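Close look at the chain arrangement
Each chain, letter by letter, is given below.
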Amino acid sequence: DIMYSPLKQRKDDVKKDVMDRKIIHLENSRKAVIAAPDLKQQNGFRGIIGRHRKMLEVFEQIQKVSRYDYPIQIFGETGTGKELVAKAIHSESDRRDGPFVPVNCGALPEGLVESELFGHEKGSFTSAHRIKKGRFELADGGTIFLDEVAELSKYMQVKLLRILQEGKFERVGGEKTLSANIRVISATNKELKREMNKNKFRPDLYYRLNVVPIDLPPLNRRKSDIPSLVEYFINMACRQYPHQKNLIITEEAMMLLMEYAWPGNVRELQNTLQFACVQCNGQLITANDLPREIQQIRQDDRRRGPSKKLDVNSVKLVLNKTGGNK
(Lines give C-alpha, C1' and ligand atoms only; values in the text may rest on other atoms or scores of the structure.)
Protein backbone atom coordinates (compact mmCIF):
# COMPACT_ATOMS: atom_id res chain seq x y z
CA ASP A 1 0.00 0.00 0.00
CA ILE A 2 2.86 2.36 0.77
CA MET A 3 4.33 1.82 -2.75
CA TYR A 4 0.98 1.74 -4.60
CA SER A 5 -0.39 5.14 -3.61
CA PRO A 6 2.50 7.26 -4.97
CA LEU A 7 2.63 5.19 -8.20
CA LYS A 8 -1.12 5.55 -8.77
CA GLN A 9 -0.83 9.28 -8.06
CA ARG A 10 1.97 9.59 -10.64
CA LYS A 11 -0.14 7.75 -13.25
CA ASP A 12 -3.08 10.05 -12.59
CA ASP A 13 -0.78 13.08 -12.94
CA VAL A 14 0.56 11.75 -16.25
CA LYS A 15 -3.00 11.17 -17.54
CA LYS A 16 -3.98 14.72 -16.55
CA ASP A 17 -0.87 16.14 -18.25
CA VAL A 18 -1.65 14.21 -21.45
CA MET A 19 -5.25 15.46 -21.45
CA ASP A 20 -4.09 19.05 -20.89
CA ARG A 21 -1.68 18.72 -23.83
CA LYS A 22 -4.46 17.34 -26.05
CA ILE A 23 -6.73 20.25 -25.13
CA ILE A 24 -3.97 22.76 -25.94
CA HIS A 25 -3.26 20.96 -29.22
CA LEU A 26 -6.93 21.03 -30.22
CA GLU A 27 -7.20 24.73 -29.39
CA ASN A 28 -4.12 25.48 -31.51
CA SER A 29 -5.54 23.36 -34.33
CA ARG A 30 -8.81 25.31 -34.24
CA LYS A 31 -6.86 28.58 -34.40
CA ALA A 32 -4.86 27.28 -37.36
CA VAL A 33 -8.06 26.28 -39.19
CA ILE A 34 -9.59 29.70 -38.56
CA ALA A 35 -6.41 31.50 -39.69
CA ALA A 36 -5.92 29.49 -42.88
CA PRO A 37 -8.01 30.67 -45.87
CA ASP A 38 -10.47 28.24 -47.43
CA LEU A 39 -8.64 27.70 -50.70
CA LYS A 40 -11.53 25.80 -52.32
CA GLN A 41 -13.77 28.86 -52.02
CA GLN A 42 -11.26 31.20 -53.66
CA ASN A 43 -10.42 31.80 -57.29
CA GLY A 44 -6.70 31.91 -56.56
CA PHE A 45 -4.02 32.43 -53.97
CA ARG A 46 -1.44 35.22 -53.65
CA GLY A 47 -1.95 36.34 -57.27
CA ILE A 48 -1.87 32.77 -58.66
CA ILE A 49 -5.16 32.02 -60.44
CA GLY A 50 -6.57 28.51 -60.26
CA ARG A 51 -9.17 26.23 -58.69
CA HIS A 52 -8.11 22.98 -60.35
CA ARG A 53 -7.33 20.16 -57.91
CA LYS A 54 -3.63 20.18 -58.77
CA MET A 55 -3.40 23.94 -58.14
CA LEU A 56 -5.20 23.62 -54.79
CA GLU A 57 -2.55 21.05 -53.83
CA VAL A 58 0.16 23.58 -54.77
CA PHE A 59 -1.52 26.30 -52.67
CA GLU A 60 -1.70 23.98 -49.66
CA GLN A 61 1.95 23.08 -50.11
CA ILE A 62 2.90 26.77 -50.21
CA GLN A 63 1.16 27.30 -46.89
CA LYS A 64 2.96 24.34 -45.33
CA VAL A 65 6.52 25.07 -46.52
CA SER A 66 6.35 28.81 -45.81
CA ARG A 67 6.71 28.09 -42.09
CA TYR A 68 10.16 26.55 -42.62
CA ASP A 69 13.47 27.82 -44.04
CA TYR A 70 14.31 24.60 -45.88
CA PRO A 71 15.46 24.97 -49.52
CA ILE A 72 12.66 24.56 -52.05
CA GLN A 73 12.95 23.37 -55.65
CA ILE A 74 10.11 24.35 -58.03
CA PHE A 75 9.70 22.24 -61.16
CA GLY A 76 7.58 23.33 -64.10
CA GLU A 77 7.52 24.14 -67.79
CA THR A 78 8.33 27.64 -69.03
CA GLY A 79 5.44 30.03 -68.34
CA THR A 80 3.76 28.02 -65.55
CA GLY A 81 4.38 30.70 -62.90
CA LYS A 82 7.41 29.47 -60.93
CA GLU A 83 8.39 32.97 -59.79
CA LEU A 84 4.81 33.66 -58.63
CA VAL A 85 4.99 30.54 -56.44
CA ALA A 86 8.36 31.64 -55.03
CA LYS A 87 6.91 35.10 -54.21
CA ALA A 88 3.87 33.49 -52.56
CA ILE A 89 6.12 31.35 -50.32
CA HIS A 90 8.10 34.46 -49.35
CA SER A 91 4.93 36.48 -48.68
CA GLU A 92 3.47 33.72 -46.48
CA SER A 93 6.69 33.26 -44.47
CA ASP A 94 8.17 35.10 -41.48
CA ARG A 95 10.62 36.67 -43.95
CA ARG A 96 7.86 38.64 -45.69
CA ASP A 97 9.28 41.96 -44.44
CA GLY A 98 12.71 41.10 -45.86
CA PRO A 99 13.81 41.43 -49.51
CA PHE A 100 12.75 39.04 -52.27
CA VAL A 101 15.59 38.87 -54.81
CA PRO A 102 14.92 36.98 -58.10
CA VAL A 103 17.86 35.87 -60.25
CA ASN A 104 17.52 34.40 -63.75
CA CYS A 105 20.65 32.26 -63.85
CA GLY A 106 20.24 31.56 -67.56
CA ALA A 107 20.19 35.27 -68.47
CA LEU A 108 23.43 36.22 -66.67
CA PRO A 109 26.55 36.57 -68.86
CA GLU A 110 28.91 33.69 -68.10
CA GLY A 111 31.82 35.93 -67.11
CA LEU A 112 29.69 37.97 -64.68
CA VAL A 113 27.70 35.24 -62.89
CA GLU A 114 30.02 35.08 -59.85
CA SER A 115 30.12 38.87 -59.52
CA GLU A 116 26.32 39.14 -59.83
CA LEU A 117 25.67 36.46 -57.22
CA PHE A 118 28.42 37.20 -54.69
CA GLY A 119 29.53 40.77 -55.50
CA HIS A 120 33.05 42.11 -56.05
CA GLU A 121 35.64 44.34 -54.44
CA LYS A 122 36.93 47.56 -55.98
CA GLY A 123 39.75 46.84 -58.44
CA SER A 124 39.11 43.09 -58.57
CA PHE A 125 38.92 43.37 -62.39
CA THR A 126 39.20 46.09 -65.03
CA SER A 127 35.68 47.54 -64.80
CA ALA A 128 35.33 47.09 -61.02
CA HIS A 129 35.48 50.79 -60.07
CA ARG A 130 33.64 50.34 -56.77
CA ILE A 131 32.53 47.72 -54.28
CA LYS A 132 29.41 45.93 -55.47
CA LYS A 133 27.09 43.79 -53.32
CA GLY A 134 25.95 40.54 -54.88
CA ARG A 135 22.43 39.13 -54.95
CA PHE A 136 23.05 36.87 -51.94
CA GLU A 137 24.22 39.84 -49.87
CA LEU A 138 21.23 41.92 -51.00
CA ALA A 139 18.86 39.10 -50.02
CA ASP A 140 20.12 38.99 -46.40
CA GLY A 141 17.14 38.53 -44.07
CA GLY A 142 14.85 37.55 -46.94
CA THR A 143 14.59 35.14 -49.88
CA ILE A 144 16.67 34.60 -52.99
CA PHE A 145 14.99 32.94 -55.98
CA LEU A 146 17.37 31.21 -58.41
CA ASP A 147 15.44 30.63 -61.62
CA GLU A 148 16.84 28.23 -64.25
CA VAL A 149 19.41 26.98 -61.74
CA ALA A 150 20.37 24.12 -64.09
CA GLU A 151 22.12 26.70 -66.31
CA LEU A 152 24.86 27.36 -63.72
CA SER A 153 28.36 26.10 -64.55
CA LYS A 154 30.01 23.37 -62.47
CA TYR A 155 32.28 26.01 -60.90
CA MET A 156 29.30 28.11 -59.80
CA GLN A 157 27.50 25.01 -58.56
CA VAL A 158 30.39 24.44 -56.11
CA LYS A 159 30.11 28.05 -54.92
CA LEU A 160 26.37 27.71 -54.47
CA LEU A 161 26.81 24.45 -52.56
CA ARG A 162 29.09 26.16 -50.04
CA ILE A 163 26.64 28.95 -49.25
CA LEU A 164 23.86 26.39 -48.83
CA GLN A 165 25.98 24.35 -46.43
CA GLU A 166 27.66 27.13 -44.45
CA GLY A 167 25.81 30.34 -45.30
CA LYS A 168 29.19 31.95 -46.13
CA PHE A 169 30.85 33.40 -49.23
CA GLU A 170 33.48 35.91 -50.43
CA ARG A 171 33.13 38.71 -52.95
CA VAL A 172 35.18 38.39 -56.13
CA GLY A 173 38.67 39.70 -55.31
CA GLY A 174 37.90 39.85 -51.59
CA GLU A 175 39.51 38.08 -48.66
CA LYS A 176 36.86 38.75 -46.02
CA THR A 177 34.32 35.95 -45.51
CA LEU A 178 30.75 37.23 -45.45
CA SER A 179 27.60 35.51 -44.23
CA ALA A 180 23.98 35.85 -45.25
CA ASN A 181 20.79 34.76 -43.51
CA ILE A 182 18.68 33.80 -46.50
CA ARG A 183 16.13 31.32 -47.70
CA VAL A 184 16.97 29.72 -51.06
CA ILE A 185 14.24 28.85 -53.55
CA SER A 186 15.34 27.49 -56.91
CA ALA A 187 13.48 26.57 -60.08
CA THR A 188 14.09 24.81 -63.36
CA ASN A 189 12.19 23.58 -66.40
CA LYS A 190 14.71 20.76 -66.87
CA GLU A 191 14.74 17.28 -65.37
CA LEU A 192 17.62 17.62 -62.88
CA LYS A 193 18.07 13.86 -62.46
CA ARG A 194 18.65 13.60 -66.20
CA GLU A 195 21.16 16.47 -65.98
CA MET A 196 22.91 14.59 -63.16
CA ASN A 197 23.15 11.47 -65.32
CA LYS A 198 24.72 13.59 -68.07
CA ASN A 199 27.23 14.88 -65.49
CA LYS A 200 25.97 18.46 -65.99
CA PHE A 201 24.56 18.94 -62.48
CA ARG A 202 26.19 18.01 -59.18
CA PRO A 203 24.31 15.33 -57.19
CA ASP A 204 25.29 16.91 -53.84
CA LEU A 205 23.84 20.26 -54.96
CA TYR A 206 20.68 18.55 -56.23
CA TYR A 207 20.02 16.98 -52.83
CA ARG A 208 20.73 20.30 -51.09
CA LEU A 209 18.27 22.22 -53.28
CA ASN A 210 15.60 19.55 -53.57
CA VAL A 211 14.66 19.31 -49.89
CA VAL A 212 11.04 20.31 -50.60
CA PRO A 213 10.03 19.82 -54.27
CA ILE A 214 6.97 21.56 -55.74
CA ASP A 215 5.64 20.48 -59.15
CA LEU A 216 3.63 23.00 -61.17
CA PRO A 217 1.22 21.45 -63.69
CA PRO A 218 1.24 22.79 -67.27
CA LEU A 219 -1.85 24.68 -68.42
CA ASN A 220 -3.01 21.85 -70.71
CA ARG A 221 -3.40 19.64 -67.61
CA ARG A 222 -5.64 22.16 -65.83
CA LYS A 223 -7.78 23.54 -68.65
CA SER A 224 -10.70 24.12 -66.31
CA ASP A 225 -8.73 27.13 -65.01
CA ILE A 226 -8.62 28.80 -68.44
CA PRO A 227 -11.94 30.73 -68.09
CA SER A 228 -10.80 32.18 -64.72
CA LEU A 229 -7.43 33.13 -66.19
CA VAL A 230 -9.10 34.73 -69.22
CA GLU A 231 -11.37 36.76 -66.96
CA TYR A 232 -8.40 37.83 -64.82
CA PHE A 233 -6.28 38.99 -67.78
CA ILE A 234 -9.21 40.78 -69.46
CA ASN A 235 -10.00 42.62 -66.21
CA MET A 236 -6.33 43.55 -65.95
CA ALA A 237 -6.48 45.05 -69.47
CA CYS A 238 -9.67 46.95 -68.61
CA ARG A 239 -8.02 48.49 -65.53
CA GLN A 240 -4.92 49.42 -67.50
CA TYR A 241 -6.79 50.86 -70.51
CA PRO A 242 -10.09 52.55 -69.51
CA HIS A 243 -11.28 52.80 -73.12
CA GLN A 244 -11.68 48.99 -73.09
CA LYS A 245 -13.96 48.97 -70.06
CA ASN A 246 -16.52 46.12 -69.95
CA LEU A 247 -14.55 44.09 -72.49
CA ILE A 248 -16.01 40.59 -73.02
CA ILE A 249 -15.10 37.48 -75.04
CA THR A 250 -17.41 35.48 -77.30
CA GLU A 251 -18.28 31.84 -76.66
CA GLU A 252 -16.59 30.72 -79.90
CA ALA A 253 -13.35 32.49 -78.95
CA MET A 254 -13.44 30.90 -75.49
CA MET A 255 -13.97 27.44 -77.03
CA LEU A 256 -10.88 27.89 -79.21
CA LEU A 257 -8.85 28.93 -76.15
CA MET A 258 -10.06 25.79 -74.36
CA GLU A 259 -9.04 23.54 -77.27
CA TYR A 260 -5.56 24.99 -77.82
CA ALA A 261 -2.56 23.03 -76.38
CA TRP A 262 -0.75 26.05 -74.79
CA PRO A 263 2.91 25.04 -75.12
CA GLY A 264 3.84 28.41 -73.57
CA ASN A 265 1.43 27.87 -70.66
CA VAL A 266 -0.08 30.79 -68.68
CA ARG A 267 2.40 33.30 -70.08
CA GLU A 268 1.32 32.44 -73.63
CA LEU A 269 -2.34 32.79 -72.63
CA GLN A 270 -1.63 36.25 -71.20
CA ASN A 271 0.18 37.29 -74.39
CA THR A 272 -2.70 35.93 -76.49
CA LEU A 273 -5.27 38.03 -74.64
CA GLN A 274 -3.10 41.13 -74.86
CA PHE A 275 -2.90 40.56 -78.63
CA ALA A 276 -6.69 40.08 -78.79
CA CYS A 277 -7.29 43.32 -76.86
CA VAL A 278 -5.27 45.19 -79.47
CA GLN A 279 -6.99 43.47 -82.41
CA CYS A 280 -10.61 43.71 -81.29
CA ASN A 281 -12.95 46.49 -82.32
CA GLY A 282 -15.18 47.85 -79.59
CA GLN A 283 -15.87 45.82 -76.46
CA LEU A 284 -15.99 42.30 -77.93
CA ILE A 285 -13.17 39.79 -78.42
CA THR A 286 -14.13 37.35 -81.20
CA ALA A 287 -12.42 34.27 -82.63
CA ASN A 288 -11.06 36.44 -85.46
CA ASP A 289 -9.15 38.55 -82.91
CA LEU A 290 -7.08 35.59 -81.70
CA PRO A 291 -3.60 34.71 -83.04
CA ARG A 292 -3.44 32.74 -86.28
CA GLU A 293 -2.22 29.49 -84.70
CA ILE A 294 -5.31 29.41 -82.45
CA GLN A 295 -7.70 30.25 -85.31
CA GLN A 296 -6.15 27.30 -87.16
CA ILE A 297 -8.02 24.97 -84.78
CA ARG A 298 -11.32 26.14 -86.29
CA GLN A 299 -10.11 25.38 -89.83
CA ASP A 300 -8.81 21.95 -88.80
CA ASP A 301 -12.21 21.11 -87.30
CA ARG A 302 -13.91 22.01 -90.59
CA ARG A 303 -11.51 19.78 -92.56
CA ARG A 304 -12.29 16.85 -90.29
CA GLY A 305 -15.97 17.19 -91.25
CA PRO A 306 -18.96 15.90 -89.28
CA SER A 307 -18.78 13.59 -86.29
CA LYS A 308 -17.77 10.01 -87.08
CA LYS A 309 -20.19 8.52 -84.54
CA LEU A 310 -22.50 5.89 -86.09
CA ASP A 311 -26.28 6.02 -85.98
CA VAL A 312 -28.93 3.47 -87.08
CA ASN A 313 -30.22 5.35 -90.14
CA SER A 314 -26.79 6.01 -91.64
CA VAL A 315 -25.78 2.36 -91.18
CA LYS A 316 -29.00 1.15 -92.86
CA LEU A 317 -28.42 3.52 -95.76
CA VAL A 318 -24.89 2.24 -96.35
CA LEU A 319 -26.00 -1.42 -96.07
CA ASN A 320 -28.69 -0.79 -98.71
CA LYS A 321 -26.14 0.84 -101.05
CA THR A 322 -23.68 -2.05 -100.67
CA GLY A 323 -26.28 -4.78 -100.93
CA GLY A 324 -25.78 -5.86 -97.34
CA ASN A 325 -21.99 -6.15 -97.66
CA LYS A 326 -20.70 -5.18 -94.22
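Look above for the structure.
Residue positions are given per chain, counting from 1 as you read along its sequence in written order. A pLDDT threshold of at least 70 governs which residues receive local features in this predicted model, and a stricter bar of 80 or more applies before side-chain atom pairs are shown or counted, although totals over entire chains, interfaces and linings include all residues. Excluded from the side-chain calculation are hydrogens and water; included are all heavy atoms of the structure.

Let's talk about the layout of surface pockets
- Every definition here rests on a 1 Å grid over the protein atoms only: cavities are sets of points where a 1.4 Å probe fits but cannot get out, pockets are open sets enclosed by protein on both sides within 12 Å along at least five of seven lines, and lining residues have some atom within 4 Å of a point. Grid points are joined across faces, edges and corners, and a volume is the space filled by probe spheres set on the points. What the largest pocket holds in volume is close to 480 Å³.
- Lining the largest pocket are 23 residues, with Gly-79, Thr-80, Gly-81, Leu-84 and Arg-267 sitting closest to its centre.
- The helix and strand labels rest on DSSP assignments: H or I over at least four residues marks a helix, E over at least two residues marks a strand, and numbering proceeds from the N terminus. Listed by contribution, the elements that provide at least two residues to the lining of the largest pocket are β2 (48-49), α3 (82-92), β7 (143-147), α9 (226-240) and α11 (265-279).

A few points about the packing of aromatic side chains
- Any two of the Phe, Tyr and Trp rings considered here, Trp counted by its six-membered ring, make a pair once their centres fall within 6.5 Å; the pair's planes then place it as stacked at under 30 degrees, edge-to-face at over 60, or tilted in between. Tallying each qualifying case throughout the model produces eight aromatic pairs.
- Between the aromatic rings of Phe-45 and Phe-59, the centroid separation amounts to 5.5 Å while the plane-to-plane angle is 40 degrees, which identifies the pairing as tilted. Within this pair, whereas Phe-45 is found in strand β1 (residues 44-45), its partner Phe-59 is found in helix α2 (residues 53-65), the two being separated by 14 residues in sequence. Comparing Phe-45 with Phe-59 shows no difference in burial state: the two are buried.
- Where Tyr-260 meets Trp-262, the ring centres are 4.6 Å apart and the plane angle is 90 degrees; that geometry is what we call edge-to-face.
- For Trp-262, a relative accessible area of 0% corresponds to the buried category.
- One aromatic cluster in this structure is built from Phe-118, Phe-136 and Phe-169. Three exposure classes are used, based on accessible area relative to the maximum for each residue type with a 1.4 Å probe and protein chains only: buried under 20%, partly exposed in between, and exposed over 50%.

Thoughts on the packing of α9 against α11
- Orientation is described by lines fitted to C-alpha atoms, with helices fitted over the stretch in contact, and by angles between N-to-C directions that extend from 0 to 180 degrees. Relative to each other, α9 and α11 sit at 45 degrees, their axes nearing to 10 Å. Relative to α11, α9 is oriented oblique. For the crossing formed where α9 meets α11, the hand is right-handed. Contact residues: α9 offers Leu-229, Val-230, Phe-233, Met-236 and Ala-237, while α11 offers Val-266, Leu-269, Gln-270, Leu-273 and Cys-277.
- Partitioned by chemical class, the residues of the contact of α9 with α11 number nine nonpolar, one polar and no charged. Here the word oblique covers every angle except those under 35 degrees (roughly parallel), over 145 (roughly antiparallel) and from 65 to 115 (roughly perpendicular). Left-handed describes a crossing whose near helix is turned anticlockwise from the far helix through less than a right angle; right-handed describes the clockwise counterpart. When checking whether two residues touch, look at their non-hydrogen atoms; a contact exists if any pair is within 4.5 Å. Note that Gly is not counted as nonpolar here; it falls among the polar residues with everything else outside the nonpolar set of Ala, Val, Leu, Ile, Met, Phe, Trp, Tyr, Cys and Pro and the charged set of Asp, Glu, Lys and Arg.

Looking at the side chain of Ser-93
- Secondary-structure assignment places Ser-93 in the loop between α3 and β4 (100-104).
- Think of a polar contact as two N or O atoms within 3.5 Å of one another; within protein, one of them needs to be a possible hydrogen donor and the other a possible acceptor, and neighboring residues in sequence only count if both atoms come from side chains. At 2.8 Å, the side chain of Ser-93 forms a polar contact with the backbone oxygen of His-90.

Spatial relationships are all this shows, so hold off on functional conclusions.
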